[in-house]
Amino acid sequence: SGNVASSINVLTNIRSGEGTYPLGYGNFTVPTSTDKVHTYNLELYFPNENYDQNENQEKQIKAHVIVENFDYNNIPYDKAKSVNKPVLFTGMTPVKWDDEFKEIETTEYDYNNKRWANAKTADGSYWVWIPRYAYKITNGYHSSETGTIDVVFLKEDTIENDSSTTIETTGYNPGVKDTAMHHFLHPAFETEGSELGFWVAKFEPTCR
């Protein structure tokens, strides 16, 4: 009944102490009887690293799953546009500039066509939304020449993407396993609070 949450790879390291790790979004078709069940498997593993992890052997983890009601309109991932929705903070107004370079309020954006989400704060500053992504330098790696970068936008706080591109998160090694050979999660998203994306300040556009 309904839809199970998609399989995900949680990137946030499970550290010592308390933590909350979203496992996805599913739903039951309502009304429904009480015998409808969704079943999920949780797998914990140690990724290969360049340091000794033996001290973690025999340790225990205690956890519980919380199922909460939510509004599908508030899911952070825009499935139609394959990108995380911009997270507007208090005082932010979503804006864009029309064909006459007039500023208008709108929530429209299209990252596939390089129309990024913009916002304006009360002090008149402008910001652009950088959604979670991975990248690969397809030309010009470690070169003084202008190169090209292939960007893959990712779903929520995972490495899932609509193109089924394999995303690396660890093991970067120049000449062996680097961003010229693989798509890597951008390191900005390894920072607490930047899982879905972040805002970057920008100047007001001008026309000459």
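This text follows the structure it describes.
The structure reproduced in this document is the subject of the present report. Computed from a predicted structure; not experimentally measured.

1. Focus on the overall build of the protein
Moving on, step 1. Each helix and strand counted, the protein has 0 helices and 11 strands in total.
Moving on, step 2. For the protein, the sequential pattern of α-helices and β-strands runs β-β-β-β-β-β-β-β-β-β-β.
Moving on, step 3. Split into buried and exposed, the 208 residues of the protein put 24% on the buried side.
Moving on, step 4. Here the analysis covers contacts within the protein between residues at least 6 apart in sequence; of these, 54% occur between residues at least 24 apart.
Moving on, step 5. For the protein, the exposed surface amounts to about 15,700 Å²; the carbon and sulfur share of it is 48%.

2. Quick word on a nonpolar patch on the surface
Moving on, step 1. Together, Leu23, Leu42, Leu44, Ile61, Val65 and Val67 give the surface a local cluster of nonpolar side chains, amounting to about 660 Å² of exposed area.
Moving on, step 2. Under the relative-accessibility criterion, Leu23 is labelled partly exposed at 44%.

3. Structural notes on the side chain of Thr158
Moving on, step 1. For Thr158, the location among the structural elements is in the loop between strand S8 (148–153) and strand S9 (167–168).
Moving on, step 2. One polar contact links the side chain of Thr158 to the main-chain carbonyl oxygen of Lys155, over a distance of 2.7 Å.

4. Looking at the packing of aromatic side chains
Moving on, step 1. Considering all chains together, one arrives at 9 aromatic pairs under this definition.
Moving on, step 2. Ring centres 5.8 Å apart and planes at 70 degrees place the aromatic pair Tyr109 and Tyr111 in the edge-to-face group.
Moving on, step 3. Ring centres of Trp116 and Phe153 lie 6.1 Å apart, and the angle between their planes is 70 degrees; this geometry places the pair in the edge-to-face category. With Trp116 in the loop between strand S4 (103–105) and strand S5 (118–120) and Phe153 in strand S8, this pair connects stretches of sequence that are 37 residues apart.
Moving on, step 4. These aromatic residues form a ring-pair network of at least three members: Tyr109, Tyr111, Trp116 and Phe153.

5. Digging into the pattern of salt bridges
Pairs can form between side chains of opposite charge once their charged atoms are near each other.
Moving on, step 1. A complete count under the given rule lists 3 salt bridges for this structure.
Moving on, step 2. Across the pair Lys96 and Glu108 runs a salt bridge, and its minimum N-O distance is 3.1 Å. Taken as a pair, Lys96 in strand S3 (residues 93–97) and Glu108 in the loop between S4 and S5 lie far apart in primary sequence, 12 residues in all.
Moving on, step 3. By relative accessible area, which is 28% here, Lys96 ends up partly exposed.

6. Overview of the environment of Lys102
Moving on, step 1. With respect to the helices and strands, Lys102 occurs in the loop between S3 and S4.
Moving on, step 2. Using a relative accessible area of 54% as the deciding quantity, one classes Lys102 as exposed.
Moving on, step 3. Excluding residues that lie within four positions of it along the chain, Lys102 makes contacts with Lys96 and Trp97.

7. Some words on unusual backbone geometry
Moving on, step 1. Look at Phe101: it is not a glycine, yet its phi comes out positive at around 60 degrees.
Moving on, step 2. Among the structural elements, Phe101 can be located in the loop between S3 and S4.
Moving on, step 3. Here Lys114, not a glycine, exhibits a phi torsion of approximately 60 degrees, which is positive.

8. With respect to the sheet that holds S8
Moving on, step 1. Spatial ordering of the open sheet is given by S8-S7-S10-S9, a layout of 4 strands whose pairing is mixed. Each edge of the sheet is formed by a strand with only one pairing partner; in this case those strands are S8 and S9.
Moving on, step 2. The pairing of S9 with strand S10 (residues 183–185) spans 2 bridges and is classified as parallel. Residue Glu168 lies in a different strand from S10, and its bridge partner there is Phe184.

9. A look at the nonpolar core
Moving on, step 1. In terms of nonpolar packing, the biggest core is built from 21 residues, with Tyr111, Tyr133, Leu154 and Ile167 touching the most fellow members.
Moving on, step 2. Breaking this core down by element, the ones donating at least two residues are strand S6 (126–131), strand S7 (133–139) and S8.
Moving on, step 3. No other element matches the 4 residues that S7 contributes to this core.
Moving on, step 4. Dropping the residues within four chain positions of it, Tyr133 is found in contact with Val151, Val152, Phe153, Leu154, Leu185, His186 and Phe189.

Analysis parameters
- Throughout this description, residue numbers start from 1 for each chain and increase along the sequence as written.
- Given that the model is predicted, a residue must reach a pLDDT of at least 70 before its local features are reported, and side-chain atom pairs must reach 80 or more before they are shown or counted; all residues, however, enter totals for whole chains, interfaces and linings.
- By convention in this description, side-chain values take in all heavy atoms of the structure and omit both hydrogens and water.
- Labels follow the DSSP assignment, with helices taken as runs of H or I lasting at least four residues and strands as runs of E lasting at least two, numbered in each case from the N terminus.
- Each residue is assigned to one of three classes by its accessible area relative to the maximum for its type, calculated with a 1.4 Å probe on protein chains only: buried under 20%, partly exposed between the two thresholds, exposed over 50%.
- In what follows, residue pairs with any heavy atoms lying within 4.5 Å of each other are defined as contacts.
- Exposure was quantified through the Shrake-Rupley algorithm and a 1.4 Å probe, taking into account, for residues, occlusion by the shown protein chains and nothing else.
- Every patch collects residues that have over 30% relative accessible area and no salt bridge, joining them within 9 Å if they carry like charges and within 5 Å if they are nonpolar side chains (Val, Leu, Ile, Met, Phe, Trp, Tyr).
- What counts as a salt bridge is simple: a side-chain nitrogen of Lys or Arg found within 4 Å of a carboxyl oxygen of Asp or Glu.
- Side-chain atoms alone can form a polar contact between residues adjacent in sequence; in general such a contact is a pair of N or O atoms within 3.5 Å, and within protein one must be able to donate a hydrogen while the other accepts it.
- Between 30 and 60 degrees the pair is tilted, below 30 it is stacked and above 60 it is edge-to-face, where a pair is any two Phe, Tyr or Trp rings, Trp via its six-membered ring, whose centres lie within 6.5 Å.
- Following DSSP output, two strands are said to pair if at least two bridges run between them.
- The definition of a nonpolar core used throughout is a set of buried Ala, Val, Leu, Ile, Met, Phe, Trp, Tyr and Cys residues joined through side-chain atoms within 4.5 Å.

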